[in-house]
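# Reading the structure
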Number of protein chains: 2
Amino acid sequence: MAKKKKEAPITGITVLKDEDFSAWYTELINKAELADIRYNIKGFVVYREWATITIRKMYKKYEDLLEKKGHLPLTMPSLIPESNLLLEAEHVKGFSPEVFWVTEAGTSGKLPERLALRPTSETALYKMYALWIRSYKDLPFKRYLSCQVWRYEGKMTRPFFRAREFHWIESHNVFATMEAAMEQVKEDMETTYQILQDECCIPIIFFQRPEWDKFPGAVHTYAADALMGSGKVLQLPSTHLLGQIFSKPFDVKFVDKDGEEKYGYQTCYGPAQSRNYGAMIAYLGDDNGLVLPFDLAPIQIIIIPIIFKGKEKLVLDKAKEICNLFKNKYVIQIDDSDESVGNKFYYWELKGVPIRIEVGPEDIGKHQVVVVKRHDGVRYNVKETDLENKIDEIAQNYTKEIKEKSLIDFESQIEVIYEKDAAIEAINNGKIVCCGFCSIDMDAYHCAEVVEKEIGGFVRGKRVDEEKHEFATCLICGKPAECTVYIAKSY
Amino acid sequence: MAKKKKEAPITGITVLKDEDFSAWYTELINKAELADIRYNIKGFVVYREWATITIRKMYKKYEDLLEKKGHLPLTMPSLIPESNLLLEAEHVKGFSPEVFWVTEAGTSGKLPERLALRPTSETALYKMYALWIRSYKDLPFKRYLSCQVWRYEGKMTRPFFRAREFHWIESHNVFATMEAAMEQVKEDMETTYQILQDECCIPIIFFQRPEWDKFPGAVHTYAADALMGSGKVLQLPSTHLLGQIFSKPFDVKFVDKDGEEKYGYQTCYGPAQSRNYGAMIAYLGDDNGLVLPFDLAPIQIIIIPIIFKGKEKLVLDKAKEICNLFKNKYVIQIDDSDESVGNKFYYWELKGVPIRIEVGPEDIGKHQVVVVKRHDGVRYNVKETDLENKIDEIAQNYTKEIKEKSLIDFESQIEVIYEKDAAIEAINNGKIVCCGFCSIDMDAYHCAEVVEKEIGGFVRGKRVDEEKHEFATCLICGKPAECTVYIAKSY
């Protein structure tokens, strides 16, 4: 049982994050009213207002950036005929254990063919791509969907991290050459850094995943691991080089400049998921509740009137005046409920509202207010004449400040390791192991199993950015090392 | 077979809208690439890029307005347990013929209970409302979902108008009194006017629907009929007074100020549907293709460089200069493809881009460009120094101009009728019939059947705004008239 904090009121979080992360996360979800797991289908989660608003803002950032990079949106049906799913062998093998099937409709009973609730959209979309793409002039063909997918997950439900229905963005692209497709993969990785690291303040690093851990139907998978601290990682978005693996069975062809008909080269990328939100609140949150980047907060500024008998009007009028000053620029609200001031402070800290303005009769006399930043608790007495400048300054720097605190230097997390025993020790000490490995092809799978069983970590793959280390032999089997890999504990 | 227009190129629309509306609409959908009905599940339609962008802009307007009026967004699972659906008898009777059922999952086979793909979300949401709402302080409780629903429709698929999966917004609200609920219904009707009439330029009027035509589980239904011209109407959004019909079986209760536990009064409202988009493009479009309100166009300004040999750089540089001038304010693009100028004109007219700027070498010499408005074809020679002002002026007035042309005065559409034969003639002459009716309760259903069979129209219900007409007897049965109703042909 985790130590309870003394000072928190009944509505606040009572568990310390460092002492029991899992209990802390559950309390955060419940008390900040972010999700509700009481919906009466196992594994299906309701996302409440506060989470929905932030998730939408995150998705909007992705959509805008994808559109800026030349992707256009499409709207696809959610159902996929079983016959489509069967077209690519690896893909169907990977996904069919997780498919929900629609088999009946209305009063007419059985449908002629089972329809899958899409677990992912390749096999729906690429049938259409075959109809739409004709010529090299249609390429590059860059599209995306904002939609939800369903997967009959066996593992335990955890709001935002794992559920049987979740919302995401998936982008699907066709190119004339393998090189152009690989350039897209690089662009996708850059997009991921721009949103997750720069906007959501989650430190990430990309790995090329081993063969046994890639997307079913991909040539290669490149996945972002969030650095969650203490050497633990969490898989976030991944982008996949599909090559011609799908274009051949789905007949995605184009007539090239030379007049010849050729199969397209494809990529797909799942940049946004509710999991990103889960990672963000889990990583940035503290013992008082949510910490949110300024742009992503459903309410950015909360005004707390400090009411004393006889001064009600004075204080509320000033609160309204301040609210009006900022309402066209920021999402701002006055909390004029009849809760105590202390409870209001706790409540809005729990909700992660970035800026609190306290308006009391004494300060009004001095023509000033108190301004408090959520993420570090810093308080300012601000003269009314300076208020607009001060708030703008805080708003502008808020996310930057969170990012500076939260970014983890990957190099400082790793330990270069040559012996299995040293690897076990490093993993136990909260380090990410950097070592030689025979390869990341399927024939190295038995070495990866040893890593999982004996070292207690997972082979995350080959680093995508510049590799600084080189090894002669595989950490596990001692054969010549084809590559350098990283081993880490994972959520 | 409709007369073919001579001047249109192969990519343009060849059917005149007035001569064969249905063929015109199908050509518009295909040639402007708005939807694709070739997806391989019957009744499921793919919405393409151009339509998806506009529909999103429409939904965003609704979402912003709903949030301004105090509704908050939620994210709900798409599946509903059969046992939830069974809780309200009228509701299940109304919807169960249209439900798609998920019965199997993964390799484990049959699910313990059938799960409905939501046909609408009342029976999913209200289970949660029962958990969330505790006290009068939680009321009014105003929420909305942006989601898709599935209905196993028997009628013919028509892109945007009818399909087995469609996207919509649904708002679900709980109040302490019936009066407060009825105020919400009025607010919903105002919201509908604000978006559909003011932003989408579709003329509408609200009717209280007869008992036989209301939402399954509603006390009353209030529905917007779009006035599509020639006396024909099309049902668009509706708002429903649910009273305590759902709150009792779903246990949506609150402790009132007097300490007593009471059932809430509910409303629900479906403001946005892809059908709104269908109505808009069908109503505003012309023989050259789409006409779109300025805010809703995926591209607002298209620049066509008129290239002559030797002048390529001059013209393209000027096009880029103009593009840069506006790119932070409007969605603007240069069409520098190798199509002919004429084909470019046709193509972007077909797509409904509001403003075309033509840049040619001769005009460059005169320091001017040609600007053309899509909706009325008006051309201007604009001096470069005036261009920014002129474009701003056109942008500001464009939607207003469309609205002025497109709004239909309801009074001018109706004919006051006292005899059945006169009603038949009026309907055939493209009028909406205004007449006395015994009532709009279920016992008037047989009179409504006569209207449908013999007059060829449908009883749309009682007018919601001020009623100007009064009748002594029912048009059909001759009994004393309890109300005035309107009869019209409907899409």
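Note that this is a predicted model, so its numbers are computed, not measured.

## A few points about the overall build of chain A
When you go through chain A residue by residue, the secondary structure sums to 15 helices and 23 strands. Counting only C-alpha atoms, chain A reaches 85 × 60 × 50 Å along its principal axes.

## Here we look at the interface of chain A and chain B
Contacts between the two partners involve 41 residues from chain A and, on the opposite side, 42 residues from chain B. Elements supplying a minimum of two residues to the side of chain A that touches chain B: β2 (46–47), α2 (49–68), β3 (72–73), β4 (79–81), β5 (100–105), β6 (109–117), α5 (122–132) and β8 (165–175) of chain A. The element that contributes the greatest number of residues to the side of chain A that touches chain B is β5(A), accounting for six residues. In the sheet, β5(A) pairs with strand β5 (residues 100–105) of chain B via five bridges, with the strands oriented antiparallel. The partner of Val102(A) across the bridge, within β5(B), is Val102(B).

## A look at the relation of the copies chain A and chain B
Each copy of the sequence occupies a distinct position, and chain A is placed on chain B by a rotation of 180° and an axial shift of 0.0 Å, giving an RMSD of 0.0 Å. What the superposition gives is, in effect, a two-fold axis relating one chain to the other. Considering only C-alpha atoms, the residue of chain A closest to the rotation axis is Val102(A), which sits at 2.1 Å.

## Some thoughts on the sheet that holds strand β15 (residues 301–305) of chain B
All names here are of chain B. With mixed pairing, the five strands of this open sheet are ordered in space as β16-β15-β17-β18-β19. With one partner strand each, in any of the chains shown, β16 (332–334) and β19 (379–383) form the two edges of the open sheet. Sheet twist, expressed as the mean angle between neighbouring strand axes with direction ignored, is 25°. Across five bridges, strand β18 (residues 368–373) lies against β19 in antiparallel orientation. Considered in β19, the bridge of Val372 is made with Arg379. Contacts from helix α12 (residues 387–406) reach β17 (355–359), β18 and β19, with the element oriented near 5° to β18.

## Thoughts on helix α1 (residues 21–31) of chain A
Residues and elements named next belong to chain A. Of the residues making up α1, those classed as buried are Trp24, Tyr25, Glu27, Leu28 and Ile29. Where the residues of α1 are buried, they touch β1 (35–36) and α8 (274–284). Just downstream of α1 lies Glu33, where phi reads positive at about 50°.

## With respect to α12(B)
Residues and elements named next belong to chain B. The end-to-end C-alpha distance of α12 is 28 Å, a good match for the 28 Å that 20 residues give at a rise of 1.5 Å each. At Asn397, α12 shows its maximal bend, which comes to roughly 40°. Where α12 is concerned, the buried positions are Ile391, Ile394, Tyr398, Thr399 and Ile402.

## What to know about the sheet that holds strand β4 (residues 79–81) of chain B
Reading across the sheet, the six strands line up as β4(A)-β6(A)-β5(A)-β5(B)-β6(B)-β4(B) and stay open at both edges, with antiparallel pairing between neighbours. Among the strands making up the open sheet, the edge pair consists of β4 of chain A together with β4 of chain B. Here the average twist between neighbouring strands, direction ignored, is 45°. Examined bridge by bridge, β4(B) and strand β6 (residues 109–117) of chain B share three bridges and lie antiparallel to one another. From the neighbouring strand, Ile80(B) faces β6(B), where its bridge partner is Ala116(B).

## A look at the confidence of the model for chain A
Chain-level pLDDT for chain A is 94 on average; 98% of the residues reach the 70-or-more range. Both scores are given for the predicted complex: the pTM is 0.95, the ipTM 0.94.

## Digging into the pairing of strand β7 (residues 141–150) of chain B
Residue and element names in this part refer to chain B. Most of β7 sits out of view: seven of its ten residues are buried. Note that strand β3 (residues 72–73) and β7 share two bridges and pair parallel. Bridge assignment links Leu72 to a residue of β7, and that residue is Arg143. As defined by bridge partners, β7 adjoins strand β8 (residues 165–175) across ten bridges and the pair is classed as antiparallel. Across the sheet, residue Val149 finds its bridge partner in β8, namely Phe166.

## Digging into unusual backbone geometry
Residue and element names in this part refer to chain A. Here Leu139 and Pro140 are connected by a cis peptide whose omega angle stands at -5°. With respect to the helices and strands, the residue Pro140 is situated in the loop between α5 and β7 (141–150). Residues other than glycine seldom take positive phi values, yet Phe160 does so here, at roughly 75°. If you trace the backbone, Phe160 turns up in the loop between β7 and β8. Despite not being glycine, Asp251 shows a phi value in the positive range, around 65°. Among the structural elements, Asp251 can be located in the loop between α7 (247–250) and β12 (253–255). Asp251 sits in the partly exposed class, given 16 other C-beta atoms within 10 Å.

Analysis parameters
Residues numbered from 1 in each chain as written. Chains lettered and ligands numbered in written order. Predicted model: local features only at pLDDT ≥ 70, side-chain atom pairs only at ≥ 80, totals over all residues. Helix = DSSP H or I, 4+ residues; strand = E, 2+ residues; numbered from the N terminus. Contact = placed C-beta atoms within 7 Å. Pairing = 2+ DSSP bridges. Least-squares fit on C-alpha atoms with pLDDT ≥ 70 in both. Axes fitted to C-alpha atoms, helices over the stretch in contact; angles between N-to-C directions. Buried ≥ 20, exposed ≤ 12 C-beta atoms within 10 Å, placed from the backbone. Expected span 1.5 Å × (residues − 1). Bend = angle between axes of the 7 residues up to and from the residue. pLDDT = per-residue confidence, 0-100.

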